[in-house]
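Here is how the chains run, residue by residue.
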Amino acid sequence: MKHFVGLAFCATTWTSVLASTATLRMGLLHPAYRTTGAYDGGGHNRLAGAIMAINEINDKADGFEDDLLPSTTIEFEWLDSARSGAVSLKRAYEHATTSFSNSGAQVVVGPASSGPSMMASYALQTFTDADGYGIPQMSYSASSPDLSVTSEFPQFFRTVASDGFQGKAIAGLLKDDLAYTNVCVINSLDSYSATGAAAFKTAAVDKGMDIINQVTVDFDPSDDQADERVQQIKVSSCRVVFLMTQSSAAGVVLRMAAHKGMFGATSGYLWVLPDAISGSMISVKTVTDVDGALTDGTVIPKIDDLATAVKGSIGSIPLAPKAGDAFYDAWLLRYRAQASTKGNCPDNADGDPQMDGSCACSTDTDGAGKKMWQLDHDDNPSTNDICRGFDFASTDHSPNSYAFYSYDAVYAFARAAHNLIVAGATEFTNKAITEELYTLSFSGLTGTVDFEDTGDREIGTGFTIQNFDGTAIDGAGVVTMGNWDAAGFVFESGQSQTTFTWATADGTKPLNVVLPLCTSDDIEAAVATCANDGTRSVSWAIKTDSDGNDVCTEGEANQIPTLATSVDCEYTPGGGSVGFLAFILSIVGAIICFGWAGYIGMNWKNKVIKISQPSFCIAFTISAGLMCLSTLFFVGENNDGVCILRPFLFNIFFDMMFGSLFLKTFRVYKIFGNKSLSKVKISTVDIIRNYGSIVAVDIAILVVWMVTEGMEAVTVDKTDLAPYGSYTAITCNKAETYETLTTFFKILLVAGGVYLSYVTRNVPDKFAESKWIAMSIYQVFVLGVVGLLVKWSAPEGGTVLLVQSIAVPVACVATTCCIFGPKVLMIKYPQNYESALVTSAGTAANTSSGGSSSDSEKEELMAVIAAMEKEIEELKKA
């Protein structure tokens with residue numbers, strides 16, 4: 001753009017006409033009417049500040065600064081910059097060439113905004129003196145950080161702080177003083193707005209804040225665009241909105257926000273307004289006072305009372321002087337004493353004080369005779385002018401904050417010119433004025449005025465933070481909360497975080513974010529460790545962000561009181577009732593079973609035990625006792641060791657115990673099911689071989705299981721609490737295939753035992769042992785079915801162990817008692833069981849492996865065989 005301007009104006013060495021120090025030709029660029037036709041009250045008020053300074057300097061007898069430029073008069077001409085870059089480019093060119101009767105301006109004050117200031121600088125820097133310096137320019141409210149680049153904008157100065165400062169001020173206030181961590185941003189794309197938003201965003205992120213959403217609007221946005229962009233903010237979760245635009249664009253955005261319920265005295269939103277808006281609320285009001293309209297015909301109602309609607313908003317303006325400061329107090333008296341330029345024209349239907357021939361307006365003009373308060377608002381000579389002056393004595397026309405900076409800008413140029421004259425200068429060259437500004441330092445209305453190498457002012461400047469209380473858009477309705485400068489933010493006396501006025505129904509500070517309705521994904525459970533009762537307590541809560549704030553509200557969160565307060569443990573604690581019961585039953589069952597083993601040992605030589613194969617009985621009872629004790633390994637936390645021991649001990653001891661019953665029943669079946677009456681011999685070796693085969697099958701399955709799938713403790717996600725998340729638990733890893741195989745093998749054994757028990761049901765009472773074995777098998781079968789049903793239907797933990805801790809000892813004790821209880825009676829009352837003993841002895845002899853015996857035993861054996869043959873005949877007839 002700089003090169004474009006150079007081509008347009010043919011960068012020229014510009015020699016000042018009538019070079020002397022008798023006058024200082026000052027061009028003023030202040031907006032009054034925008035290109036949209038809207039009145040720019042804030043910009044026009046800044047013109048009043050500049051003119052006040054010029055009048056004071058030129059008046060050598062008013063008792064104020066009479067020694068400043070004692071022999072020099074400031075001549076000025078004013079051109080309306082219209083808040084437009086294109087217009088400012090044109091006006092700056094006019095000031096450099098045709099203003100002052102074609103002599104051109106020696107210095108230029110303005111324009112107001114950053115974009116227009118850039119365009120003006122492009123024009124002014126092309127009119128260089130013999131040393132290559134362009135016309136010095138000083139803005140009173142252009143705050144874009146881009147203007148600090150001296151290679152792009154040489155000879156540019158400003159009395160207002162850069163937006164880099166403003167961004168830090170607002171971010172610091174929101175985060176450090178108001179504890180906000182989330183914010184949305186709406187900004188225009190002009191230089192002031194875009195770079196200001198970028199500076200704020202950088203400062204906010206540095207503070208640890210989250211920019212939830214950022215949308216842009218045009219310099220002069222349409223209602224349709226505002227509708228779309230404001231809606232994007234509305235559906236975001238933020239309640240704090242930083243609006244970085246010019247005042248006219250702010251009017252369109254705020255009118256739309258009010259229509260959507262986001263801007264108003266009880267909206268629940270906090271709008272943060274930078275200097276261009278909060279310092280120009282009159283300009284904002286000219287937009288919000290009229291209806292808007294979408295292209296589809298939808299009317300966007302005007303804001304009937306902007307003062308009420310803006311309640312609770314926070315604004316920042318350049319650090320302004322305040323009452324109590326001697327300089328300001330004296331200045332304000334002089335400001336109030338100025339003659340009114342307001343005129344007496346009534347407002348027309350559009351609210352404009354239009355001149356219709358029946359009213360008067362100020363006739364004050366600039367050096368070129370251009371009226372400054374009676375304005376041709378539409379560049380149409382056929383329409384009546386508008387009277388836009390100020391009643392300086394009225395508090396309704398208090399000075400705009402930037403009017404202070406416009407005032408100091410005039411004084412900065414005047415003091416630089418004065419210093420040059422004192423130093424002996426005979427003319428005001430671009431170079432001389434520029435270099436003098438860099439060394440200048442004086443106490444102005446806004447504080448110490450001192451320029452950095454960038455043309456920026458940092459010393460003595462900053463921002464005033466304001467809060468709109470809902471009573472007015474300026475004056476008493478805007479409460480000063482504190483000031484920010486390079487040292488930080490300091491609250492005004494009597495103000496604090498608790499004295500802000502907020503736009504909420506109950507007066508409380510707006511929320512950090514608008515919380516969405518909770519979904520199941522937003523609810524989390526805290527699951528405690530296992531308690532002795534075998535449960536893990538569950539506490540429910542809404543998930544929080546990194547700052548500890550809830551991420552949602554209501555919705556699924558309303559279900560929290562109905563959710564489970566506990567879940568079953570993945571193991572059975574030893575200190576609980578179930579664990580204690582398992583311990584007692586296992587010990588008692590083991591004692592009884594081992595007691596039977598002791599009883600068998602004590603009666604080893606008794607023929608009742610002797611014909612029952614005592615070694616087999618010992619193995620059976622010990623296996624039953626160990627089976628009872630295996631339940632103890634199912635109590636307590638899961639770890640790699642118990643995850644291996646549980647399946648090995650339970651399955652092997654089951655095989656050892658039930659295999660004994662199965663083989664004893666099988667022996668009865670083989671003998672009494674021998675319809676061919678052939679000799680049947682079941683030796684000890686056969687029994688051991690079959691016994692080992694049964695155990696070997698399970699051992700093989702378990703070994704393959706351990707090698708392939710592993711037997712170890714693993715951490716798993718439990719879904720008991722779905723859809724409200726999961727929790728972790730340590731369990732023994734599952735191997736469904738191998739668990740099914742071991743279970744199926746036992747089902748086969750039990751089914752086979754049930755079958756054998758059934759087919760041997762008619763064995764006579766004298767062979768009563770078979771019936772007791774069958775009864776034991778039935779018991780194991782029934783308890784096994786119950787155990788499987790519980791295992792498949794109940795979660796792992798106390799319920800399964802409770803059934804197991806009852807079923808296993810009961811089955812073991814019942815089985816051993818069924819088998820050995822009758823033997824106790826036989827030993828105690830042998831005369832009642834003599835027949836059975838004889839037959840059983842014979843059966844035992846028939847299945848023995850042979851060996852030496854006495855003649856009486858042989859005779860007894862022959863008698864037994866005869867008796868058996870007779871019994872078989874009777875069975876065949878039955």
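Conventions adopted
Per chain, the residues get numbers from 1 upward, laid out in the order the sequence is written. Totals for whole chains, interfaces and linings use every residue, but because this is a predicted model, local features are given only for residues with pLDDT of at least 70 and side-chain atom pairs only at 80 or more, for both listing and counting. Side-chain measures were taken over the full set of non-hydrogen atoms in the model, leaving aside hydrogen atoms and water. A run of H or I in DSSP counts as a helix once it spans at least four residues, and a run of E counts as a strand once it spans at least two, with each numbered from the N terminus. Working rule for helices: expected span equals 1.5 Å times residues minus one. Buried, partly exposed and exposed residues are distinguished by accessible area as a fraction of the type maximum, computed with a 1.4 Å probe on protein chains only: under 20%, between the cut-offs, and over 50%, respectively. Exposure above 30% relative accessible area and no salt bridge define the residues that can form patches, which grow by joining like charges within 9 Å and nonpolar side chains of Val, Leu, Ile, Met, Phe, Trp and Tyr within 5 Å. Using the Shrake-Rupley algorithm and a 1.4 Å probe, accessible areas are obtained, with residue cover drawn only from the displayed protein chains. Salt bridges are identified by distance alone: a Lys or Arg side-chain nitrogen within 4 Å of an Asp or Glu carboxyl oxygen. Whether two residues touch is decided by their heavy atoms; if any such pair falls within 4.5 Å, the residues are in contact. At least two DSSP bridges between two strands are required for those strands to pair. By definition, the crossover connecting two strands over a helix is right-handed if that path, from the first strand to the second, turns clockwise as seen with the strands pointing away from the viewer. In these notes, a set of buried Ala, Val, Leu, Ile, Met, Phe, Trp, Tyr and Cys residues joined through side-chain atoms within 4.5 Å is what counts as a nonpolar core.

**Focus on helix H6 (residues 163-177)**
In an α-helix, one full turn covers 3.6 residues, which means residues spaced three or four apart are oriented alike. Spanning 15 residues, H6 covers 20 Å between terminal C-alpha atoms, matching the ideal 21 Å at 1.5 Å per step. Of all the 15 residues making up H6, eleven are buried; the element is thus mostly covered by neighbouring parts of the structure. Within the span of H6, buried status applies to Asp 163, Phe 165, Gln 166, Gly 167, Ala 169, Ile 170, Ala 171, Gly 172, Leu 173, Leu 174 and Asp 177. Backbone geometry just after H6 places Ala 179 at a positive phi near 60°.

**Considering a nonpolar patch on the surface**
Side chains of Phe 580, Phe 583, Ile 584, Val 588 and Ile 592 sit close together on the surface and give an oily, nonpolar patch of about 420 Å² of accessible area. Among the structural elements, Ile 584 can be located in helix H16 (residues 577-602).

**Some words on the environment of Ile 473**
Relative to the elements of secondary structure, Ile 473 occurs in the loop between strand S19 (463-468) and strand S20 (478-485). The buried category is assigned to Ile 473, whose relative accessible area is 11%. In this structure the C-alpha to C-alpha distance between Ile 473 and Gly 279, which are 194 residues apart in sequence, comes to 9.6 Å. If we ignore the near neighbours within four places in the chain, the residues touching Ile 473 are Met 281, Ile 282, Lys 285, Leu 306, Ala 307, Phe 468 and Val 478.

**Brief notes about the pairing of strand S2 (residues 23-29)**
Counting buried positions along S2 gives seven out of seven residues, so the element sits mostly inside the fold. Residues Thr 23, Arg 25, Gly 27 and Leu 29 line one face of S2 and the alternating positions Leu 24, Met 26 and Leu 28 line the opposite face, and both faces are buried. As paired elements, S2 and strand S3 (residues 73-79) share seven bridges and run parallel to each other. Within S3, the residue paired with Gly 27 across the bridge is Glu 77. Handedness of the S2-helix H2 (residues 41-58)-S3 crossover: right-handed. Direction of pairing for S2 relative to strand S4 (residues 107-109): parallel, over a ladder of three bridges. The residue bridging Met 26 from the neighbouring strand is Val 107, located in S4.

**A few points about the nonpolar core**
Judged by nonpolar contacts, the single largest core of 60 residues is most densely connected at Met 26, Leu 28, Ile 74, Trp 331, Val 410 and Leu 437. Secondary-structure elements contributing two or more residues to this core are S2, H2, S3, S4, helix H13 (326-336), helix H14 (401-422) and helix H15 (430-439). At 13 residues, H14 tops the list of elements feeding residues into this core. Counting residues in hydrophobic clusters, the runner-up holds 44 residues, among them Phe 616, Met 657, Met 711 and Val 750.

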